[in-house]
Amino acid sequence: MEPRIDAAFSERLPAIEAGWRKKWAENKAFEADAPATRPRVQGLGSRVQGLEQDPRPKTQDPGLLKPKTSKYFITPAFPYPNSPQHIGHGRTYTTTDIYARFMRLLGKQVLFPMAFHVTGTPILAMAKRIAAKDGELLDIFDRIYGIPKELAETLTDPKELVKYFSDEIEQGMKELGLSVDWRRKFYTFDPCFNRFIEWQFHKLHEAGYVKKGSHPVPWCTACGNAVGSHDTQGDKDPEIEQVTMVKFRFRDGFLVVATYRPETIYGVTNIWFNPKAAYVRAIAGNSRRDFHPQVIDDRSCRDMLQQEHLKSQQAIAADANTNRETIYYLAEEASKRLAKQLLIKKAGNAKIKENDLALNPLTNENVPLLPAEFVEPGIGTGVVMSVPAHAPYDYLALRDLNLLQKIPPKVIISTPGYGMPAKDAVEKLGVKNQADEKAELATKEVYTAEAHQGTMLAGKYTGMPVKIAKEKVAADIIREGSGVGIYELANAPISCRCGNQVSVEIVRDQWFLDYGNPEWKALAKECLESMTLLPEKTRIDYKYTIDWLIDKACTRKHGLGTPFPYDKSQIVESLSDSTIYMAYYTISHLLSQLPEGMVGDELFDYIFLSKQKPKNNGYGKHEKLIEKMKNEFEHWYPLDSRHSAGDLIHNHLTFFIFNHAAIFPRKHWPKQIAVNGFVLMEGKKMSKSLGNILPIRKAMATYGADVVRFVIVSGAELFEDADFNMENIEGVRQRLNFLHGLISDKAGGRRENVKTAPAGAQDNSFAGKWFRSRYHRRIKNACGNYKQLAIRTICNELFYENINDLKIYLKLSPNADLSEFFELFVPAISPIMPHVAEEFWHQLGKKGFVFVAGYPKWEEAAIDESLEYGMDIANALVDDVRNILALVKVENPKKVSLFVADEWKRKVYSIVAAAKNQQESMKQCFCDAELKAKGTDTVRLVQYYLKKLNLLTRRLLSAKEELAMLESLKDYLTTEFGFTVEIAMETKSQNPKAKNAMPMRPSIFIE
RNA sequence: GCGGGGGUGGCAGAGCCUGGCCAAAUGCGUAGGACUGAGGCUCCUAUGGUAUAGCACCUGCAAGGGUUCAAAUCCCUUCCCCCGCACCA
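Here's what I pulled together on the structure shown here. (Residues numbered from 1 in each chain as written. Chains lettered and ligands numbered in written order. Predicted model: local features only at pLDDT ≥ 70, side-chain atom pairs only at ≥ 80, totals over all residues. Heavy atoms only, no water.)

1. As for the overall build of chain A
Scanning chain A from terminus to terminus reveals 33 helices and 30 strands. Scored against the burial criterion, the 1007 residues of chain A give a buried share of 56%. Long-range pairs, those at least 24 residues apart, make up 78% of the contacts in chain A between residues at least 6 apart in sequence. For chain A, the accessible surface area stands at approximately 43,100 Å², while carbon and sulfur atoms represent 51% of it. (Helix = DSSP H or I, 4+ residues; strand = E, 2+ residues; numbered from the N terminus. Buried < 20%, exposed > 50% of the residue type's maximum accessible area, 1.4 Å probe, protein only. Contact = heavy atoms within 4.5 Å. Areas by Shrake-Rupley, 256 points an atom, 1.4 Å probe, with all protein chains shown as cover.)

2. Side note on the sheet that holds strand β2 (residues 109–111)
Read across the open sheet, the 5 strands follow the order β2-β1-β23-β24-β18; overall the sheet is parallel. Both edges of this open sheet fall to β2 and β18 (532–534), since each of them pairs with a single strand only. If you compare each strand with its neighbour and ignore which way they point, the axes differ by 20 degrees on average. Across 4 bridges, strand β23 (residues 641–645) lies against strand β24 (residues 672–676) in parallel orientation. In the strand pairing of β24, R642 is matched with I673. (Pairing = 2+ DSSP bridges. Axes fitted to C-alpha atoms, helices over the stretch in contact; angles between N-to-C directions.)

3. Brief notes about the side chain of T562
Tracing the chain through its elements places T562 in the loop between β20 (555–556) and β21 (563–564). For T562, the side chain forms a polar contact with the side chain of N194, separated by 2.8 Å. Those residues in contact with T562 that sit more than four places away from it in its chain are T188, N194, I197, E198, Q570, I571 and V572. (Polar contact = N/O pair within 3.5 Å; in protein donor to acceptor, adjacent residues only side chain to side chain.)

4. Some details on the sheet that holds strand β30 (residues 1003–1006)
Pairing in this open sheet of 3 strands is mixed, and the strands run β29-β28-β30 from one edge to the other. Strands at the two margins of the open sheet, each flanked by one partner only, are β29 (980–985) and β30. Strand-to-strand twist of the sheet, defined as the mean angle between neighbouring strand axes without regard to direction, takes the value 20 degrees. Two elements, strand β28 (residues 895–900) and β29, share 6 bridges in a ladder whose sense is parallel. Bridge assignment links K895 to a residue of β29, and that residue is T980. On the sheet, helix α33 (residues 959–977) packs against β28 and β29 and is oriented at approximately 170 degrees with respect to β29.

5. Notes on the nonpolar core
Grouped together as the largest cluster of nonpolar side chains are 159 residues, with contacts concentrated most on I87, F799 and Y855. Among the elements that line this core, the one with the most residues is helix α25 (residues 791–812), at 11 residues. For F799, the residues in contact, after removing those within four places along its chain, are F710, V732, R735, L736, L739, I794, F825, I829 and M833. Core analysis: the second largest hydrophobic core is formed by 68 residues, L111, Y515, Y542 and L639 among them. (Core = buried A, V, L, I, M, F, W, Y, C linked by side-chain atoms within 4.5 Å.)

6. Section: the packing of helix α22 (residues 705–714) against helix α23 (residues 726–743)
To characterise two packed helices, one gives the angle between the axes of the helices and the distance between these axes. Where α22 meets α23, the axes come as close as 10 Å, and the angle between the chain directions of the two elements is 125 degrees. By the angle between their directions, the pair α22 and α23 is classed as oblique. Our pair here, α22 against α23, has a crossing hand that is right-handed. Counting all contacts with α22, which are made through V707, F710 and V711, the residues of α23 involved are N728, I729, V732, R733 and L736. (Parallel < 35°, antiparallel > 145°, perpendicular 65-115°, else oblique. Left-handed = near helix turned anticlockwise from the far one by under 90°.)

7. Some thoughts on helix α21 (residues 696–703)
Along α21, the positions that sit buried rather than exposed are I696, A699, M700 and Y703. For α21, the angular spread of buried residues about the axis comes to 95 degrees, placing them on one side. Of the exposed residues in α21, those oriented more than 90 degrees away from the buried face are K698 and A701. Once α21 finishes, G704 follows within two positions and takes phi at roughly 95 degrees, a positive value. (Arc of directions from axis to C-beta.)

8. Looking at the environment of A862
Assignment of secondary structure puts A862 in the loop between α27 (834–843) and α28 (865–887). Taking the relative accessible area as the measure of exposure, A862 reaches 10% and is therefore buried. Through-space distance from the C-alpha of A862 to that of G135 is 64 Å; in sequence the pair is 727 residues apart. Beyond its immediate chain neighbours, meaning those up to four positions away, A862 contacts R772, S773 and H776.

9. Remarks on unusual backbone geometry
Cis geometry marks the peptide bond from L534 to P535; its omega dihedral reads -10 degrees. Positioned with a positive phi, N355 is a non-glycine residue whose angle comes to about 70 degrees. Tracing the backbone shows N355 in the loop between β10 (344–350) and β11 (357–359). Judged by relative accessible area, N355 falls into the partly exposed class, the value being 46%. Positive phi, normally seen in glycine, also occurs at K916, with a value near 65 degrees.

10. Some points on the packing of aromatic side chains
Scanning the entire structure with this criterion turns up 63 aromatic pairs. Between W199 and F608 the ring centres are 5.3 Å apart and the planes differ by 45 degrees, which places this aromatic pair in the tilted class. Residue W199 is located in helix α7 (residues 191–206), and its partner F608 is located in helix α18 (residues 601–609); the two are separated by 409 residues in the primary sequence. A residue is classified by how much of its surface remains accessible, and F608, at 1% relative accessible area, is buried. Ring geometry for F633 against Y637: centres 4.9 Å apart, planes inclined by 25 degrees, an arrangement best described as stacked. (Phe/Tyr/Trp six-rings, centres within 6.5 Å; stacked < 30°, edge-to-face > 60°.)

11. A closer look at the pairing of strand β3 (residues 210–220)
Within β3, 9 of the 11 residues are buried, which leaves it mostly tucked inside the rest of the structure. Alignment of β3 against strand β17 (residues 502–514), held across 10 bridges, turns out to be antiparallel. Pairing of V210 across the sheet is with L513, part of β17.

Next up, the structure:
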């Protein structure tokens, strides 16, 4: 009686899927064009003619199924083709495809295009590594992706590389069943796309959002190159941080002191230098002039700096006019490292002597220079300010020199629990001298305490928490010219692959997108406000990012891509050339028909912004085509949904918002962004070093696309990480086999399960109605969940739970007619498992593709909660009976009697449920004559329910209703128990067990 | 440091917004049983503890405290873990 399992189905799946993909391709199923004429026409633009109306009567439709517009434009982030894709990449694309296919089911005309992003350096770098026959790389290709060495070695030309991998990825996407309109494919190094990016930057420039400046980069002086983490020994990511450099007036110039604690400058008593180090007098250009305003910026005090920004810019501009030279005194070693940042032109030896004086710019005090060997000439500037009250090392150094009397420490920060923090900590820990290891501990303790709890006792910001004052003092010092900000490597030392130490260099001809522009920010926020976000909880991340962004370097010296229009020696950086390309999709397949010379600003202005028609003499000749393009754009834009992995919120997706807001009118702003999490491999992050990368094509060839699709999206809710593991794979395959066994006429003559019964020939048994209620409800829920992309929920309910119910149902009714179930189930699951759905649909004898069959129409009337409630009661009874049978050895049980609780108990139930306390419950019960007459019985029941108030949230049935429900369950229960079931009111029975009956919990007697 | 997300049974992972049949879904694992030539399939049962003609009690959702008739769920404090912080796709 068990349903036959068709074990072969999951084995055959890859082949079956290929067949359906071929049919889709032959029918150009996913090619979508704008209707020829405006205004927009309703209906399917797809060329598929398969949509047939559901013959069943229209049922209630609470708005879920009604699309508001007829078109739907959806794009995922395009791939970067420098290696084949793995199952992790598949998640974003599958999610996008699910949404696209769901929208098709809702009757929308869907455009889902795809292109390749080749901008940037990694492809170039990879081609180089291949040319150099990098064994590690070739090994990864071979071992993980199965690309033979001989083939890989030929990919030394970047274009060849792009071609190879993009073909590979495209093939994989096709195999995944993505419903993409491939005619619109392009590459970001295509000349027409370059024109488009130029146009974009012209628009941004016109709006005043493009500017030139400088910015710090990790740098190797030996190589003369910027250094990324992959260029360092041990792949260390060089972190740059800003340090305040304070200028103490000294001789004919300044002694410069680098500090992380600018607020302590009020407590400086002296300055340390290393008597063994060489010092220089350096002549420098006016460094402030050349620094980009970002230099004075610090993310942790952004709000304040928003306002300071303009002032400082003016100050810098004013200063620039004077073009003074500055003289700095610092350690020779430091001067070399900072030469570029400080614009040092030349440097000569300088002798620094003990007790020389330097002027503190904030306190206007002269402080003496003192020797200390702990000062490292290579760190900072090789000169250190001494704050003995707050820095244990300074305190110890003074103590070691026996100068504490002569130079008393100045306490300028008040910290709870400390008097003079450095002294207290040193004494508490018993630190002997500078060389003592415990000095480090003391330092940490003091710094932490002061940073978190300290309050300023001196200077302009007296009374302010150190945390805030620190930033303000730093900003003041720089703005007033008493110091400069310099960049240092936070995690130094880092070695370049060449062996040289990495330092920081300021790149000066750098172009920026001014995401800090308040107007632009406001537009971006407005755009964000107008969008739906999936999941909605990501909104805070976008908001934060929009606030946080300042300048984005948008040019790069090397790499593939579009030459930057205002400096053709550079290219547009890769995140900046992929912000509005969705608009380009609308016309990408038509552009090649135009002469190249016509593709430019005029054309794009007309198509995208409805400015005047191009005057270019070619226009007349190509009018029709250009109008067609404009029509395409206006039909498809705005973008209805943008999909990506969640890690792009902080850059790409926010840039996407900014750029759309800057360039397009409000009616063309994007409407939605959806982001998903990653895919883990057997619980671990996929990585080349772990070697646990599963290429998606390999996975699909083994398990079939739909199994892979299902597993990578069902494992976790949208934004969470999903796990790809064998158990899930096997579970899905087995269930597909089970379903196929039921649906297939080749699986052992069980055709009767899906015989095409006339609508309405329903199983009216309790189990039949229950099952029907369950799946109708699930189809309905899934519709709402698809909209929210709650895919895990959909998979659980629609697939796993439906199948569980189906099994229960078949146990009770082995020859049931399942045709209605499958007619609803198959289209509903089709967005997730499109191939399987087509196959099942076909086997159900349906004509046309399931993907245009429309979202299945559930019947509200079929959804009946009381059936599910009844099932709960029934299951509780079954459990109880089993319990009893297990405990008591009734020999050959023949009959079970169920007694339904009397009406008075229900009265008590209602009273207690409403009153929720003893006094009130009792009062009300004794107002009732019947309950009063029951006396102690009533009291006992009230007490019972008061203890179990949580039970009273169940829906209360009347005795009559409960009796009727049990009657309807009788067949079901009989089948479950395997012996006779009798049902009676407790009042009608003499059985001593009868009076134990409680509402919704009949008492049981087995004999 | 700043920002975000988390800590649930042997494991994975729901539930938390909107407190109440929540000793906590589902899957896996484990144990026993059925079916079978056999099973890595499928099905049934058990899986915090105690008790037991059932529907009961105790302990429990990082730790501690609070609100409430009622807390995994709400509030406060503490501890711990993960991710991002850019010019890089």
